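Tertiary structure, described
What follows is each chain in one-letter form.
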Amino acid sequence: MTAHRIALVTGANQGIGFAFVQELATRMDPEDLVLLTGRDPQRVAEAVSRIDGVARVEGRVLDVTDPDAVAGLAGELGAVDIVISNAIGPLVPERPQSEQVDVFVDVANRGAQYVLRSFGPIIRPGGRLIVVASSLGTLDHLPERLWPRFDGVTLAEVEQAVEDWLRSVHDGTAGEHGWPEWINLPSKVAQVAAVRAVAATRRTADLADGTLVAAVCPGLVDTRASRPWFEDFSQAKAPAEAVTPIVDLILADRVDPAMYGELIRDGKVLLWK
């Protein structure tokens, strides 16, 4: 990748997103720019003030659930080298999931889809377009009858599957259609499917110029979002530890073509199905 690079991280006020910005700022060059984005101006400014690195770091207010805002920032920048879609909506066990699904999907799924649509076309040759997902995003976490909704489909078809699932949650028919009760599972599968759909349309050109489009799994990380769902954090990683192998991948001069369009955890491809 060339000098004077631009990197952008969504959902970067805290946790894994903040750790991505810190790691990139430490390892990129003084002429490079890392954009730390989030929805709240005060939290964005406070997060930027805590970054200690070599590269320049600037805060930008960005609501990934607003497609016009996402497209507007992409248009303003014109070209970027690294995009990490990391934003995630809140999800807690003490509330019915049907009451949380709209906000959760709006951030984790629609937000990632907007980022893929707006920033995919402006990734420079040799760049990186990354969606932070989960090992829960493989097809085996859904009943096999739902696989055709996400396998070998277009981004528009993934988006439609998400909307159909969301509608079934609200009308009480999700179980009849085979959707898991835990909304995190369809959401994560849809994230990975969206990455795969985008990657399928640009694979040949990207492989020729060294560009990587991929989903990544940081593993179990001790963050505010994960604490309500797990009791044993003895094997969990701190955010800074979790992002290191991902940034290794992002900043590598060359990437294994076998990783293109795939879900990657600890430097290895997780089987889609």
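Rules used throughout
- Residues numbered from 1 in each chain as written.
- Predicted model: local features only at pLDDT ≥ 70, side-chain atom pairs only at ≥ 80, totals over all residues.
- Heavy atoms only, no water.
- Helix = DSSP H or I, 4+ residues; strand = E, 2+ residues; numbered from the N terminus.
- Rg over C-alpha atoms; globule rule 2.2 N^0.38 Å.
- Buried < 20%, exposed > 50% of the residue type's maximum accessible area, 1.4 Å probe, protein only.
- Contact = heavy atoms within 4.5 Å.
- Areas by Shrake-Rupley, 256 points an atom, 1.4 Å probe, with all protein chains shown as cover.
- Core = buried A, V, L, I, M, F, W, Y, C linked by side-chain atoms within 4.5 Å.
- Pairing = 2+ DSSP bridges.
- Right-handed = clockwise from strand over helix to strand, strands pointing away.
- Salt bridge = Lys/Arg side-chain N within 4 Å of Asp/Glu carboxyl O.
- Axes fitted to C-alpha atoms, helices over the stretch in contact; angles between N-to-C directions.

Some remarks on the overall build of the protein
Within the protein one finds seven helices and eight strands. Computed over C-alpha atoms, the radius of gyration of the protein comes to 18 Å, within 12% of the 19 Å expected from 2.2 N^0.38 for 273 residues, which places it in the range of a compact globule. Taken over the C-alpha atoms alone, the protein extends approximately 55 × 40 × 40 Å along its principal axes. Buried positions account for 53% of the 273 residues belonging to the protein. Taking contacts inside the protein between residues at least 6 apart in sequence as the whole, the part at least 24 apart equals 73%. Summing over all exposed atoms, the protein offers an accessible surface of approximately 12,200 Å²; the carbon and sulfur share of this is 51%.

Re the nonpolar core
In terms of nonpolar packing, the biggest core is built from 94 residues, with Phe 20, Leu 24, Leu 36, Ile 84, Phe 119 and Phe 150 touching the most fellow members. For Phe 119, the residues in contact, after removing those within four places along its chain, are Leu 8, Val 70, Leu 73, Ala 74, Leu 77, Val 80 and Val 83.

Re the pairing of strand β3 (residues 56-61)
Relative to β3, strand β2 (residues 33-38) runs parallel, the two being bridged by six bridges. From the neighbouring strand, Leu 36 faces β3, where its bridge partner is Gly 59. At this point the chain moves from β2, through helix α2 (residues 41-50), to the parallel β3, and the crossover so formed is right-handed.

Overview of the pattern of salt bridges
Tallied over the entire structure, the rule returns 19 salt bridges. Between Glu 23 and Arg 27 there is a salt bridge, and its shortest N-O distance comes to 3.0 Å. You can see Glu 23 and its partner Arg 27 sitting in helix α1 (residues 15-27), four residues apart, about one turn around the helix. Glu 163 is the salt-bridge partner of Arg 110, the closest N and O atoms lying 2.9 Å from each other. Taken as a pair, Arg 110 in helix α4 (residues 97-119) and Glu 163 in helix α5 (residues 155-171) lie far apart in primary sequence, 53 residues in all. Owing to a relative accessible area of 16%, Arg 110 belongs among the buried residues under this scheme. Glu 163 sits in the partly exposed class, given a relative accessible area of 25%. Through salt bridges with shared partners, one network takes in Arg 5, Asp 29 and Asp 32.

Comments concerning the sheet that holds β3
Strands in a sheet are paired, the pairing made by backbone hydrogen bonds, and the direction either parallel or antiparallel. Strand order across the open sheet formed by eight strands is β3-β2-β1-β4-β5-β6-β7-β8, with mixed pairing between neighbours. Looking at strand neighbours, the two that pair on one side only are β3 and β8 (268-270), the edges of this open sheet. Along the sheet, successive strands turn relative to each other by an average axial angle of 25 degrees, direction set aside. Against the sheet, helix α3 (residues 67-77) makes contact with β1 (6-9), β2, β3 and β4 (80-85), and its axis sits at roughly 145 degrees relative to β3, the strand it touches most.

Overview of unusual backbone geometry
A positive phi is found at Asp 266, a non-glycine position, where the angle reads about 55 degrees. Note that Asp 266 resides in the loop between β7 (263-265) and β8. A residue is classified by how much of its surface remains accessible, and Asp 266, at 48% relative accessible area, is partly exposed.

Some thoughts on the pairing of β2
Of all the six residues making up β2, six are buried; the element is thus mostly covered by neighbouring parts of the structure. Burial along β2 is two-sided: Leu 33, Leu 35 and Thr 37 facing one way and Val 34, Leu 36 and Gly 38 facing the other are all buried. Pairing geometry for β1 and β2, over four bridges, is parallel. Along β2, the bridge assignment pairs Leu 8 with Leu 35. Note on the crossover from β1 through α1 to β2: the handedness is right-handed.

Notes on the environment of Leu 155
Take Leu 155: it is sitting in helix α5. The buried category is assigned to Leu 155, whose relative accessible area is 10%. Residues Leu 155 and Met 259 lie 104 residues apart in sequence; the distance between their C-alpha atoms is 19 Å. Apart from residues no more than four positions distant in its own chain, Leu 155 is found in contact with Gln 113, Arg 117, Ala 194, Ala 197 and Val 198.

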